[in-house]
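Architecture and fold: a report
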Amino acid sequence: MQQTLTKKQQTHHRMLDAASRSFKAHGFAGVGVDSIAKAAGVTSGAFYAHLGSKNAAFEAILIKGLDEVIDAIPQFQCDHGANWIKAFTDYYLDPPHRDGLSCSCAMAALTPEVIRADKNVKSIYQEKMTKITSLIAAGLDDGSLANRKARAWVFLSTLIGGLNIVRAMADETLAGNIAKTFKLAAISAAGKVK
């Protein structure tokens, strides 16, 4: 049975969604509280009442975005079995995902922002990314746990870096060719899958 959200909860979700789209599309420094509030259809006062600060909003959307990846990895593993690495790689680097910057994955869109963030944000990021790589490693075969985790980091880094490079290309054909190269590299880095 689905629970109906209160008006306050709906407003809170709208603000988080607006903050997420704004930070992903324009970066932390490229967006202000007023523009996030306007995108959510609320006042700046309502933004502060719900989220506290721009920094708190960023932390909340970082957690939410990385938790979505944490939920997605086991789902890909379950839905695609031994082909889950290829399915995830295709999803990650294919045009529907790579072309939607404001709705993109928190890993690729927010990592550059975390680099400039405070230690608390970096700690949140580290905890979530370590969890993501552990989930990936759990779906890999061959080698020790340390080896599988190392391969998971390389796989993930290839996807995140690859997506950012592909997005930065002006020529669509070149972007597509580069994406294919990164797909092969990511799949190769992951190695044998369970």
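Here, the structure is the one placed above.
The rules behind these values
- Residues numbered from 1 in each chain as written.
- Predicted model: local features only at pLDDT ≥ 70, side-chain atom pairs only at ≥ 80, totals over all residues.
- Heavy atoms only, no water.
- Buried < 20%, exposed > 50% of the residue type's maximum accessible area, 1.4 Å probe, protein only.
- Helix = DSSP H or I, 4+ residues; strand = E, 2+ residues; numbered from the N terminus.
- Arc of directions from axis to C-beta.
- Contact = heavy atoms within 4.5 Å.
- Axes fitted to C-alpha atoms, helices over the stretch in contact; angles between N-to-C directions.
- Parallel < 35°, antiparallel > 145°, perpendicular 65-115°, else oblique.
- Nonpolar A, V, L, I, M, F, W, Y, C, P; charged D, E, K, R; others polar.
- Expected span 1.5 Å × (residues − 1).
- Polar contact = N/O pair within 3.5 Å; in protein donor to acceptor, adjacent residues only side chain to side chain.
- Phe/Tyr/Trp six-rings, centres within 6.5 Å; stacked < 30°, edge-to-face > 60°.
- Lys NZ or Arg CZ within 6 Å of the ring centre and 35° of its normal.
- Core = buried A, V, L, I, M, F, W, Y, C linked by side-chain atoms within 4.5 Å.
- Salt bridge = Lys/Arg side-chain N within 4 Å of Asp/Glu carboxyl O.

Once that is clear, we can look at helix α2 (residues 33–40). The complete set of buried residues in α2 reads Val-33, Ile-36, Ala-37 and Ala-40. All buried residues of α2 lie within an arc of 100 degrees about the axis, which places them on one face of the element. Among the exposed residues of α2, those pointing more than 90 degrees away from its buried face are Asp-34 and Lys-38. At its buried positions, α2 is contacted by α1 (7–26), α3 (44–51) and α4 (54–80). Backbone geometry just downstream of α2 places Gly-41 in the positive-phi region, at approximately 75 degrees.

All right, on to unusual backbone geometry then. A positive phi angle, near 70 degrees, is found at Asp-142, a position not held by glycine. Following the sequence through the fold, Asp-142 ends up in the loop between α8 (119–138) and α9 (145–168).

Between α1 and α3, whose axes approach to 10 Å, the crossing angle comes to 100 degrees. With respect to α3, the axis of α1 lies roughly perpendicular. Here Lys-8, Thr-11, His-12, Met-15 and Leu-16 of α1 lie close against α3, whose contacting residues are Ala-46, Phe-47, His-50 and Leu-51. Tallied by class, the residues present in the contact of α1 with α3 amount to five nonpolar, three polar and one charged.

Between its first and last C-alpha atoms α8 spans 28 Å; for 20 residues at 1.5 Å apiece the expected length is 28 Å, and the two agree. Of the surrounding secondary structure, the elements contacted by the buried residues of α8 are α4, α5 (84–93), α7 (106–115) and α9. Where α8 begins, the side chain of Asp-118 points an oxygen toward the backbone nitrogen of Asn-120, at a separation of 3.1 Å.

One pass over the structure, following the stated rule, counts nine aromatic pairs. Here the aromatic rings of Phe-28 and Phe-58 are separated by 5.7 Å at their centres, their planes lie at 85 degrees, and the arrangement is edge-to-face. Here the residue Phe-28 occupies a position in the loop between α1 and α2, and Phe-58 occupies one in helix α4, the gap between them amounting to 30 residues. Looking at Phe-58, the relative accessible area reads 3%, which means it is buried. Three or more aromatic residues joined by ring pairs form one cluster here, namely Phe-76, Phe-88, Tyr-91, Tyr-92 and Phe-155. Its end group placed over the ring of Phe-28, Lys-54 keeps NZ or CZ at 4.3 Å from the ring centre.

Turning our eyes to something else, we now look at the nonpolar core. Phe-23, Leu-62, Trp-84, Tyr-92, Met-107, Ile-132 and Ile-136 are the most contacted members of the largest nonpolar core, which has 56 residues in total. At nine residues, α4 tops the list of elements feeding residues into this core. Excluding residues that lie within four positions of it along the chain, Met-107 makes contacts with Leu-66, Val-69, Tyr-92, Met-129, Ile-132, Leu-156 and Ile-160.

Here we take up the side chain of Gln-77. Looking at the element boundaries, Gln-77 is found in helix α4. Excluding anything up to four places from it in sequence, Gln-77 contacts Trp-84, Leu-135, Ile-136 and Gly-139.

A word on the pattern of salt bridges. Any two side chains of opposite charge can pair, on the condition that their charged atoms come close. Applying the stated criterion to the full structure yields nine salt bridges. Between Lys-64 and Asp-17 there is a salt bridge, with the nearest N and O atoms lying 3.9 Å from each other. Here Lys-64 is found in helix α4, whereas its partner Asp-17 is found in helix α1, with 47 residues between them in sequence. You can call Lys-64 partly exposed: its relative accessible area is 34%. Each of Lys-86, Asp-90, Asp-94 and Lys-183 takes part in one network of salt bridges that share partners.

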